[in-house]
Each structure stands twice: as C-alpha cells, then as structure tokens.
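# Fold and contact review
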Amino acid sequence: MKNRKVVLIDGNSLLHRAYHALPPLKNKEGLFTNGVYGFMTMLYKILDDYKPEYVSVAFDKKGPTFRHEEYKEYKAGRKKTPDDLKMQFPMLKDILDRMNIHWIEFAGYEADDIVGTFSKHCSTKNMDVIVVTGDKDYLQLVDKNIKVLITKKGMTNLEEYDEQAMFDRYSLTPDEFVDLKGLMGDKSDNIPGVPGVGEKTGIKLLKKYNSIENIYENIDEISGKKLKERLIENRNQAFMSKMLAKIVTNVPLDIDLEDIKKEEPNQSELLELYTQFEFKSFIDKFDKEIIQDSKEKIDTEVEILDSKDELYKIVNGIDKGNFIFKFIVNGENNLKDKILGVGFKYNDDKSYYISFGDEKDTKEKLNILSSVFQNDKIAKIGHDIKEDILILFRYGIDIYNVFFDSLVAGYLLQASQKEYSLKTLADEYFNISMQNEEDLLGKGRNKKSFDEISIDTIADFIATKLNIINKLKKVLLEKIEEYDMKDLLENIEMPLIKVLADMQYQGFKIDIEKLKELGLEFENQINNLTEEIYDLSGEEFNINSPKQLGVILFEKLELPVIKKTKTGYSTNAEVLDKLLGKHDVIEKILQYRQIVKLKSTYIDGLIPLINKDTNKVHSSFNQTITTTGRISSTNPNLQNIPIKTEEGRKIRKVFVSKDKEHKLVDADYSQIELRVLAHISGDPKLIEAFENKDDIHAKTASEVFEVERKDVTSLMRSRAKAVNFGIVYGISDYGLSRDLNISRKESKKYIDNYLKNYSLVKNYMEDIVNIAKKDGYVKTLLNRRRFIPEIKSRNYNVRSFGERTAMNTPIQGTAADIIKIAMINVYRELKNRDLKSKLILQIHDELIIETHIDEIEEVKSLLKELMENAIKLNVPLTVDMNVGNSWYGTK
DNA sequence: GGGATCACG
DNA sequence: ACGTACGTGATCCCG
C-alpha cells in the first residue's frame, strides 16, 4: 500500500517570495494581488505534481515568539513588511478557506515550528511528507519520509531535497545543518553565529565533528589559530545561535490529521474571489457551467415591432430622456450594405426591435425615427455611434445630442487596450458574459450574415447589447467623473463622433485616370529596375523577400553585414544606405523598394477602396486606437500619403476636389508640439522664441552648437531639427545618435546643451517622469489620461520606454486635444454659416476642407481663426494655409 | 499570424 | 552594462 501523502507549506515564506518575484499586479480596484497570484500558481503546481491527500499552510502569528524571549535581538533590524504585501495575507487565507485547504498559526511560534512539528508527526506515522518553503533552514527537517522543496529563482521552479540530495549539496546530515547555521549565523534573522565562519569553514568543521557540542569538546584539536580563538571567544553565541536556528518539533498543537485532509473546494465561492482578484488564468480552469452560473444575468426583454404604425406609436411617446440604439447591418460597410433593422430602448423601458424591408420601407421607418434622432432633448446613447451616424447620414438624417458612447468612454478610461467591444467591456466592468457577433455568426468560411439569422435571435442579441450599454453608461460615467474627464468626454470626444462620421461620409475624390496613369508609370520603373537588379546580381530572385535578398547581398555578393534581425540579415533602408557605393545593385534596390511601396500600397491598394459610382474613398477615422488621443485612419489610411520624396508626392495628384465648383484648402499647425512643450514646461526662452516668430530650429542650432546665429549652417539647422524632435519624443542620446548617424558622445553633448539652455524643459522632463512613477499615469492639458505601468518595470528597457512615454504623451496628446477642438469648432461654424464646404480629412496637425470656390476666402479666414484660437496657451498657435485643385497642389 | 519594411505626423 | 527615439497602418513574405 502506498504511503499517504501530506504537503506542508510555509505560507509566510512562500507569499514573500511570490510578492518579490512578480511585478506589482493590481486589480482594477487597485488591490495588489501579485503575491497571492504567485502563491496560488505554486500551490496549484504542487497539488498537481504531488496529489497529496493532506495539505496545510502555516503562518507566523503576530507577536513575540519564544525566540524573542531567549534573545531580544532576534529578527531585529528586519524591514517592516510593506503594506502592499501585508494586505495580501488575509486575501490568501480567504482563498484557502474557500478552497477548503487547512491553514494554521500558533501564538508564540513561527510557521517553521508548526511545519516542523506537523512534519515530524506525520513522518513517525510513515507518511510521505513534502515541505514547501523559500527558506533553506528547513533542510534540517529532512528525513527518510520528509522531502523539502525550496523555491528557486523564477518561482515555479522548485528544488527537491531528500537525504541524498542534501548530502550531495552540503555533505551534511539534516541534524548537522542546524549546527551549520549556529556557526554561520543568519543575517536576515539577526542570528550572530561565530564571526568569520561561513559556509565553507562550517561544513569543514561539521564534517569532522558532526556538532557544535563535539567541536567544543575537541576544541584543542582545531587547526588554525585565528579560527580557534574565534570559536572560543564566541562559545555562548554559537550555542545560542544553534538554539535559535533549531526548528521546534514539539509545538503543543492538537494534531488531528482529519483536520488537514484536502477537501473539494467551494467552486462558486472561489470563483467569486478569483473574479474580484481578476485571476483570469485560474478562472479558465473552472467548468464552463460553473462559470456560466456565476455570471450576472442580463435582461433581454424585447418586443419585436411588426409595423410602421407600431413604431410610430412608440416613437410618439419619446420626447426627452435617454435613447439607446443600434442598427443591424448585413455586412461591414455601413455606407453601402443593407440595413436590416434597428434596436432601441427608451430610458429603462424594455427593448424594441424593428426590421427593415426594401429601400422604401427602410426610408419610411427611418423617417419615423428621425424625429427622435433630430430632437436635441433626447440623449443618444450607443456603442460605436459613428457607425450608426453613417447610416443616418446616408438617409439624409441628422443627429443631435450624441450623449454617450460606451466605445469611446471605455477608450478614455484605458486608452492602451486593444479593443473595447461590448463583450470586452461587459467582462471588464461586470461579471457578465455575452455573445458577440462572432459567437453569433461564426467566422471564416462558415461565417453567416445577419439575414440568415432568425429575427427572434437578432432581437435577443440586440436587447442584450442595449441593456449592457445602459449599464455601462452608469459605471463608465462615474469613473470618468472620478478621473475628472467629464469635460473631455462631453465637450470633445462626444461631439467629435459626428465630425468624424461626416468626414468619413464625405470621402475624398480620386482622379481615376491619373491614378491609372501613375500606376503604369510606376510599373514601368519597377520592370526596368527588376531587370537591372537581376542583371547586377547575376540571378533572378524575389526582391520583395528580405530573406532571399539577404542571401544575395550578404552571401553571394559578400557585402558586409551591418545589422541582423531576429530572423536573419537586416536589409532595411538604413542598412542599404550604408552599403551604397559598395555595389551598384544597392542603389537599384533602394529605388525598387520605394517604387514598389508606392505602387502596392498607394495605387493597387487604393483601387478596391474606391466607390465606383462616386470615385471617392471613405477612410474610416478611428477615435479609439491610439494611446495618446490622436485619431487614426484605415481603409485607406489617408494619414500616411507620401510627401517626403517627389516621386511619392506625385500620389497626391490623384487626391482631388470633388468637382470644378470645389477646391481643397489645407491648413496645418506650425510646430504645434514644440509650442505645447513651451506651454506646459513654461520655459521662458522657448515661449519667447515663439512669440518672436523665431526660426526655432535655427535658434536651437545656434544654442546647441554654440555658434553665432549668423554662423548657423543648413546642416546645423537640420541636425537641430532632429534634436527638437528628440526632445518631444523623450530624448535619449542613443536615439539621437542613430537618427543623425553621429556618436553617442556627440549627441549627448547636443542634448546637454539644449537642456542647459531650456532649463524649464529639463525640469518638465524630470517632473513628469516622477509624476508618472508616483501616480502611474500622465495627463494632457485637457485631462486625457494614459496609464504607464512600464515606468515601474525592473527591466531597464521597459522602464526607459515608460519614461519616454511619460515625457511624450502629454505633448503629443495635448496637440491631439487641440486639433480635436478645432475640428469641432470648424465643423459647427461651417454648418452654422450654412456653407457648402466640408471638412474631409485630419492628419494630426493638419485639416483639409473641401471648399466651394465661392467660399474660399471665408473658409480660409474661419479656419485660421478657429484653429489658432482652439485653446489659449501661453504661446501663440499659428496656422499655414494652401489652396489647390489636388492635394499635390496645396503646397 | 507575426516579422520586416516603410509610408505619414 | 544594459540598448530605444513618440504615435500610427498596409503590404509582403513565410512558417
């Protein structure tokens, strides 16, 4: 018969280990959970590996122990347990209770004494005993039935010691190990031992004499004058140290094995706690059913409306309050695809769903609803409302009072998340699990569309959504107020939704003929370059494959390897630039790369996105992607259309105004980020420079290079420009040296010179990093918040990244805030004045208005006015403007 | 689906 | 000694 197995754990030791091994994880309430999480990870692993019938976790009990009575200085000078860790003890004990795992503490004794007593008791009963700890002292407990597991670096690694393993490692028996500690002492417990005796000497002595007692009986034999002297001098201390180090094995415990028998955990209670602590990986191990049962149920009461009359009756009763709504579309493109219906919920009433038939039916039903959408007294609430507005615009319906969007609100609260779907938010803010579209429709080849789903299913689906949006509204708004972001939400992000929807709806006209012409031009160049490259390298290969190109360049042609990537040779432009002149093929490859990029991304990539009827592209402007508050653009990305090279800039010739009656007016902020820096740092010299309309890069050059202003060369100016960029990005000498291809020493000098000149900028950089360290986040001028957990990382690279982020985010983010305000004001003003001109694009510091030719002067003046006065800073904001028939022309 | 590359502010 | 500039998106290759 197999021996019964018991696992005994030193809870204090293991929780300490876990706490120090893991980064400071917190749940969303701010509760530190790292120690508990690490402990449980280990516990699960041990239970899994050893499958014990009996388990107990021992803790130290507060207050003095018998050791303190024997020796007042015991554990003196030890650092206080940090509060972040202290609060995790009751948390852990709570988990153990819910797991039905026994835990124990006993006044006057430490955890190791309890474990010692228990383990010896079990050993005499011939049980297999496994003791788990982070403390080597426990090795004295090892015997033929007792094994000791000691944590190694990395936490989940445990080293197992039985009698043999111990002897292999220390050449000592467990009993001798106590004496070793008596000789060596222990700094962390403030046990003195014999000064000058360390592990090596101690082991040597004990191998010969086996115990401290025996050493002193034979003290005359000891070789080594000094050692002998020390031993004699510290005789009492040695015996006392041994006594302190000896784990007590007769604590007066009332031991009943039945008490520590491992029982089944209370699943639902445990799940509740794991949910609170956000231990996702542990939750995943539970049965699906138990998880499901633990979830909060969501109201899905919904009435399907069958006719326009029914719809009309309901809509008629809506005059003020909250209107939560969501359209169902048969596809991805709300500007094109069929609208299947709409679900809505008025205040806390039940949900309604009504499906739309043909175009005529759709229009009629939307017309009935338009009185709600256009009623300023009714607060519109939804999730990703921009997509719904596209539908309304498509049917000529305006919308007022866009009050709350859970997508945007979720983003504002935590801008670094990947996504903010209702399912994710429901999971994050409530204990609710819901279906998303993928769960409903499937994915890949078997993906269904909504028109293959029964109307009852759709109605349930949408009712769930509406109810979750309603619940989210409450908690997200509370949080937003707590973060002081109400103004940002109400006056910037919510009004912006409609502006972005309109930009997307308006679109940007493409000159198809010009596009095709340019495509052919690029194609010819590519063909020629391909031939030349094959010729120069002596064989045909796929030039687009960095792997194949690497083989040609660095193996066949034996060019020097400048840089490697994870997967092989680096062949990027930086590397190729350094190889220029070493082989004729390099120049051709650089040209080839450039033209292929232009053609594949900006010609071929654009074509499928053009609406064939209108020749327009309708880029999607995304409000919830960037961590800094900028917006992003996709399908196509209109924020990275080439400009830096003439060849690339030609692409802009295909972006034209929609007809002869319109032109493009392009307005961009000059140096907005440096101006923001001047404002938030308050640096008088920087502020003055902008007030004086100074050439900022030239000015920086004269300061950084310590030359008279008249002696600034164009090379100096362009380098100073890089320094200014570096400052905004959260400067590092390494980054600057790479960018300018100069030594780090030199770049460090430039930076030092800069910061010497602009001492308040230097202060800002230091202050903001400290703020981020203290608060865990930084803010923009308008209270947009970004959490920077990286700044507390123990990894240098990660931490440095956090510091640069802390410096850059308030600058980039404030600039983003400012242009958002400008966009809202411009949009409103164009509308108020009933102008035909429309805002169609934003590129971070630049706006493009498709302007009616009769309105050009008016638009230019209102644009300039509204952009420059979007916000009052202690430096002026200035805007440059250009007009053209194409985007190429606006220069 | 991730890595490399390169387009923009 | 450590080794990266901040923020994005699209395309291509390749496992």
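Residues numbered from 1 in each chain as written. Chains lettered and ligands numbered in written order. Predicted model: local features only at pLDDT ≥ 70, side-chain atom pairs only at ≥ 80, totals over all residues. Heavy atoms only, no water.

### Looking at the protein's contact with DNA strand B
Around DNA strand B, the structure places 23 residues, and the nearest of them are Thr571, Lys597, Ile643, Lys644 and Asp845. Sugar and phosphate atoms constitute 81% of the interface atoms of DNA strand B, taking the interface as everything within 4 Å of the protein. In the model, a sugar or linking oxygen of DNA strand B is placed 3.4 Å from a nitrogen or oxygen of the Tyr602 side chain. Here Asn640 contributes a side-chain N or O atom positioned 2.8 Å from a base nitrogen of DNA strand B. (Near = heavy atom within 4 Å. Polar contact = N/O pair within 3.5 Å; in protein donor to acceptor, adjacent residues only side chain to side chain.)

### Side note on a negative patch on the surface
A cluster of acidic residues, Asp254, Asp256, Glu258, Asp259, Glu263 and Glu264, forms a negative patch at the surface. Along the chain, Glu264 turns up in the loop between α12 (235–245) and α13 (267–277). Judged by its relative accessible area of 62%, Glu264 is exposed. (Patch = residues over 30% accessible without salt bridge, like charges linked within 9 Å, V, L, I, M, F, W, Y side chains within 5 Å. Areas by Shrake-Rupley, 256 points an atom, 1.4 Å probe, with all protein chains shown as cover. Salt bridge = Lys/Arg side-chain N within 4 Å of Asp/Glu carboxyl O. Lys, Arg positive; Asp, Glu negative; His and termini not counted. Charge placed at Lys NZ, Arg CZ, Asp CG, Glu CD. Helix = DSSP H or I, 4+ residues; strand = E, 2+ residues; numbered from the N terminus. Buried < 20%, exposed > 50% of the residue type's maximum accessible area, 1.4 Å probe, protein only.)

### Regarding the UniProt feature "domain: DNA-directed DNA polymerase family A palm" (unreviewed entry) in chain A
As recorded in UniProt, the feature "domain: DNA-directed DNA polymerase family A palm" (unreviewed entry) lies at residues 648–855. End-to-end, the C-alpha atoms of residues 648–855 are 31 Å apart, and along that stretch the chain is 58% helix and 13% strand. (UniProt positions renumbered as here; feature names shortened; annotations may be inferred.)

### With respect to empty space enclosed by the protein
If you walk through the whole model with that rule in mind, you get 1 cavity of 30 Å³ or more. Taken as a whole, the largest cavity encloses approximately 30 Å³ of empty space. What lines the largest cavity is Met503, Gln504, Gly507, Phe508, Val617, His618, Ser619, Phe621, Leu638 and Ile840. (1 Å grid on protein atoms, 1.4 Å probe; cavity = no way out; pocket = protein on both sides within 12 Å on 5 of 7 lines; lining within 4 Å. Points joined across faces, edges and corners; volume = space filled by probe spheres on them.)

### A short note on helix α8 (residues 174–184)
Among the 11 residues of α8, 9 are classified as buried, and the element is accordingly described as predominantly covered. All buried positions along α8 are accounted for by Pro174, Glu176, Phe177, Val178, Asp179, Leu180, Lys181, Gly182 and Leu183. Among the structural elements, α7 (163–170), α9 (199–209), α10 (212–217), α11 (225–233) and α12 are those in contact with the buried residues of α8. (Contact = heavy atoms within 4.5 Å.)

### Describing the pattern of salt bridges
Two side chains that carry opposite charge are able to pair once their charged atoms sit near each other. Scanning the model with the defined rule gives 54 salt bridges in all. With its nearest N and O atoms 2.9 Å apart, the salt bridge here joins Glu364 to Lys308. Of this pair, Glu364 sits in helix α17 (residues 359–373) while Lys308 sits in helix α16 (residues 308–316); the two residues are 56 residues apart in sequence, bridging distant segments of the chain. Using a relative accessible area of 27% as the deciding quantity, one classes Glu364 as partly exposed. A salt bridge links Lys820 to Glu493; the shortest N-O distance between them is 2.9 Å. One end of the pair, Lys820, is in helix α36 (residues 796–832); the other, Glu493, is in helix α23 (residues 486–506), with 327 residues separating them in the sequence. An identical accessibility class is assigned to Lys820 and Glu493; each is buried. The network of salt bridges with common partners includes Lys308, Lys360, Asp361, Glu364 and Lys365.

### Focus: the pairing of strand β12 (residues 402–405)
Looking along a regular strand, one sees the side chains alternate between the two faces of the sheet. When strand β11 (residues 378–382) meets β12, the two strands line up parallel, connected through 3 bridges. Following the sheet pairing, Lys380 is matched in β12 by Val402. The β-α-β motif built from β11, the intervening helix α18 (residues 385–394) and the parallel element β12 has right-handed crossover chirality. (Pairing = 2+ DSSP bridges. Right-handed = clockwise from strand over helix to strand, strands pointing away.)

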